[in-house]
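Residue strings, one per chain:
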Amino acid sequence: MALDQETLNQLLGTLQRFVHERLIPNERTAAEADKIPDEIVAEIKELGLFALSIPEEFGGLALNMREEVEVAMVIGEAAPAFRSLFGTNVGIGSQAIVLDGTDEQKSRYLPRLASGELVGSFCLTEPEAGSDAGSLRTSAVKDGSDYILNGTKRFITNAPYAGLFTVMARTDADSKDARGVSAFLVEAGAEGLSIGAPEKKMGQQGAPVADVIFDNCRVPATNIIGGKENLGFKTAMKVLDKGRLHIAAVCTGLATRMLRDAVRYTKERQQFGSTIADFQLIQAMIADSETEIYAARSMIRDAAIARDRGEDTKRKASCAKLFASEMVGRVADRAVQMYGGAGYIADYGIEQLYRDARLFRIYEGTSQIQQLIIAKDVIAATD
Ligand code: COS
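What you see as residue numbers is a count from 1 along each chain, following the sequence as written. A pLDDT threshold of at least 70 governs which residues receive local features in this predicted model, and a stricter bar of 80 or more applies before side-chain atom pairs are shown or counted, although totals over entire chains, interfaces and linings include all residues. Computation of side-chain values covers all heavy atoms of the structure but excludes hydrogens and water.

Chemist: Just give me the short version of the pairing of strand E2 (residues 139-143), but keep the residues and values in it.
Modeler: Relative to strand E3 (residues 146-157), E2 runs antiparallel, the two sharing five bridges. In the strand pairing of E3, Val-141 is matched with Ile-148. When DSSP finds at least two bridges between two strands, those strands are taken to pair. Counting from the N terminus, the helices are the DSSP runs of H or I reaching at least four residues and the strands are the DSSP runs of E reaching at least two.

As structure tokens, then:
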């Protein structure tokens with residue numbers, strides 16, 4: 001159900017103030033401590049950000065995709081680690097249940113994901129299965145009314161404080177590809193489940209990433225998402241179709257922010273007797289960035305509206321993710337260039353965002369995977 005325009009505008013206005021008054025001023029603190037400050041976590045819960053995409057009957061705000069991408073573009077203006085805190089609950093950590101879960105799974109987990117009491121985490125990637133997700137090796141062997149999980153998941157966002165893991169594991173031992181994979185809900189604290197040490201990363205400090213290890217971890221059969229075996233890969237792909245659109249919006253928010261910061265700097269910085277904003281070579285970087293941001297925003301809104309109409313938006317979501325994540329990389333690069341030497345110095349802030357932006361071309365499917373999905377779909381649809 002769509003919000004009325006006034007309610008949506010109010011929500012976006014509140015979030016804009018929150019981003020500018022609370023998140024941006026705390027970016028350095030969060031990055032240096034590698035942790036989102038507790039009071040900010042509490043405010044994020046209070047604002048309902050964990051609940052954005054969860055149906056109303058389970059305590060969520062039930063935003064449609066068009067509304068969700070508008071929110072993501074606003075929140076995306078702050079350092080991405082803040083969004084990551086609740087991003088898994090909005091996207092990959094909750095949507096498998098929303099899209100394919102049984103009624104019992106929905107009522108057991110969605111209210112706690114919506115409140116932020118539980119943080120959700122999505123366990124697809126493995127040491128030997130990154131882009132080729134269908135080749136994953138984590139096994140799930142039936143034992144009475146349970147399954148026994150064994151294997152390691154890698155680079156799992158929010159794993160250190162997650163309360164619920166959506167785990168893709170192979171239930172058909174004879175299969176080697178996507179067909180023999182099921183999705184399981186595994187609660188933190190389950191026997192045989194452990195979390196590795198948080199990784200040291202290039203950017204996005206405050207958004208922890210770690211291994212999730214299953215060593216004879218017993219999971220009740222009732223925790224297979226949707227209750228049926230061997231449908232888990234499709235569930236994961238459907239989750240990513242939505243997630244990629246959301247990430248494209250976050251990229252566009254961050255690009256908007258970096259361009260604004262850089263333009264402000266060029267309007268103050270004096271060289272050759274005038275502000276550098278007066279120079280046409282600087283103006284070219286501003287114009288190219290603005291044009292690309294506008295293109296990304298338009299593409300994302302179009303794809304989101306199509307998804308809300310019930311269309312299959314796999315191709316459009318991949319186009320949006322490919323374009324927006326590559327675009328934010330180019331804008332980050334130009335922004336540093338406009339700052340000149342100051343762009344390389346941590347105190348000016350753009351250096352952190354430049355490092356943060358690099359992840360977008362990799363996670364939720366690399367640019368190369370988006371290219372493959374788009375091309376395969378176009379070729380199949382062409383007579
Ligand atoms: N929605 C629904 N079903 C989908 C789907 C989608 N978007 N994409 C694929 N499927 C289905 C296919 O229809 C196929 O089903 P059938 O066997 O019934 O025909 C099945 O899933 C397997 O699809 P496919 O053969 O295309 O799988 P591949 O092993 O070739 O892998 C890619 C496809 C490469 C696209 C997939 O592995 C992928 O997205 N990799 C990147 C993983 C990723 O994003 N990782 C990021 C980590 S999570 S943050």
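That shown, we press on.
Chemist: Report on the pairing of strand E7 (residues 209-220), specifying residues and quantitative values.
Modeler: Looking down a regular strand, the side chains alternate between one sheet face and the other. As paired strands, E3 and E7 are joined by nine bridges and run antiparallel to one another. Bridge pairing in E7 places Lys-153 opposite Val-212. With three bridges joining them, strand E6 (residues 193-195) and E7 adopt antiparallel strand pairing. Its bridge partner being in E7, Ser-194 is matched across the sheet by Ile-213.

Chemist: Before we move on, can you summarise the pattern of salt bridges with the specific residues and values?
Modeler: Two side chains bearing opposite charge may form a pair once their charged atoms approach each other closely. Just to be clear on terms, a salt bridge is a Lys or Arg side-chain nitrogen sitting within 4 Å of an Asp or Glu carboxyl oxygen. Tallied over the entire structure, the rule returns 25 salt bridges. The partner of Glu-292 in a salt bridge is Arg-330, and the shortest N-O contact between them spans 2.5 Å. Pair noted here: Glu-292 is in helix H9 (residues 280-308) and Arg-330 is in helix H10 (residues 314-339), with a separation of 38 residues, a long-range link. Throughout this description, buried means an accessible area under 20% of the type-specific maximum (1.4 Å probe, protein chains only), exposed means over 50%, and partly exposed covers the range between. On the basis of relative accessible area, Glu-292 is assigned to the buried category, the value being 13%. Linked through salt bridges whose partners overlap, the residues forming this network are Glu-27, Arg-257 and Asp-261.

Chemist: Now, about the site of the ligand: what can you tell me, with residues and values included?
Modeler: Near the ligand you find 19 residues, and of these Ser-131, Lys-234, Asp-241, Arg-244 and Lys-376 are the closest. Contact between the ligand and Arg-179: an oxygen atom at 3.3 Å from a side-chain N or O atom of the residue. Pairs of N or O atoms within 3.5 Å make up the polar contacts considered here, provided that, within protein, one atom can donate a hydrogen while the other can accept it, and that residues adjacent in sequence are counted only when both atoms are side-chain atoms. Here an oxygen atom of the ligand and a backbone polar atom of Gly-365 are 3.1 Å apart. Against a free-state accessible area of 1000 Å², the protein chains account for coverage of 68% of the ligand. Mapped by element, the contributors of at least two residues to the shell around the ligand are helix H8 (232-268) and helix H12 (367-381). It is H8 that contributes the most residues to the shell around the ligand, seven residues altogether. Classification convention: Asp, Glu, Lys, Arg as charged; Ala, Val, Leu, Ile, Met, Phe, Trp, Tyr, Cys, Pro as nonpolar; all other residues, Gly among them, as polar. For the shell around the ligand, the class distribution of residues is eight nonpolar, three polar and eight charged. The rule for a residue being near a molecule or strand is that one of its heavy atoms must lie within 4 Å of it. Here the accessible surface of atoms and residues is derived via Shrake-Rupley with a 1.4 Å probe, and residues count as covered only by protein chains that are part of the display.

Chemist: Describe empty space enclosed by the protein, listing the residues and the values that go with them.
Modeler: Here a cavity means grid points, on a 1 Å grid over the protein atoms only, where a 1.4 Å probe fits yet cannot get out; a pocket means an open set of points with protein on both sides within 12 Å along at least five of seven lines; lining residues are those with an atom within 4 Å of a point. Grid points are joined across faces, edges and corners, and a volume is the space filled by probe spheres set on the points. Tallying each qualifying case throughout the model produces two cavities of 30 Å³ or more. The calculated volume of the largest cavity comes to roughly 50 Å³. Around the largest cavity, the lining residues are Glu-68, Arg-83, Gly-87, Val-90, Gly-91, Ile-92, Lys-242, Gly-243, His-246, Ile-247 and Glu-364. The biggest single contributor to the lining of the largest cavity is H8, with four residues. Residues that form the lining of the largest cavity fall into these classes: three nonpolar, four polar and four charged. The source of the domain bounds is an automatic or database domain assignment. Inspection of the lining of the largest cavity shows a minimum of three residues originating in each of domain 1 (5-115) and domain 3 (234-381). Space inside the second largest cavity adds up to approximately 40 Å³. Ser-84, Thr-157, Lys-201, Gln-204, Ala-207, Val-209, Leu-359 and Tyr-363 are the residues that line the second largest cavity. When its residues are assigned to classes, the lining of the second largest cavity shows four nonpolar, three polar and one charged.

Chemist: Which residues make up the packing of H8 against helix H11 (residues 350-357), and what values go with them?
Modeler: Helices that pack against each other are described as a pair by the angle of their axes relative to one another and the distance between those axes. Lines fitted to C-alpha atoms define the axes, with helix axes restricted to the stretch in contact, and inter-axis angles between N-to-C directions lie between 0 and 180 degrees. Contact pair H8 / H11: the axes reach a minimum separation of 11 Å and the direction vectors enclose 155°. By the angle class used here, H8 and H11 are roughly antiparallel. In terms of crossing hand, the pair formed by H8 and H11 is left-handed. Contacts from Leu-254, Arg-257 and Met-258 of H8 reach H11 at Ile-350, Leu-353 and Ala-357. Across the contact of H8 with H11, the residue classes tally to five nonpolar, no polar and one charged. Here is the rule for angles: anything less than 35 degrees is roughly parallel, anything more than 145 is roughly antiparallel, 65 through 115 is roughly perpendicular, and the remaining ranges are oblique. It is the rotation of the near helix from the far one that decides the hand of a crossing: anticlockwise by less than a right angle makes it left-handed, clockwise makes it right-handed. Throughout, a residue-residue contact means that at least one pair of heavy atoms, one from each residue, lies within 4.5 Å.

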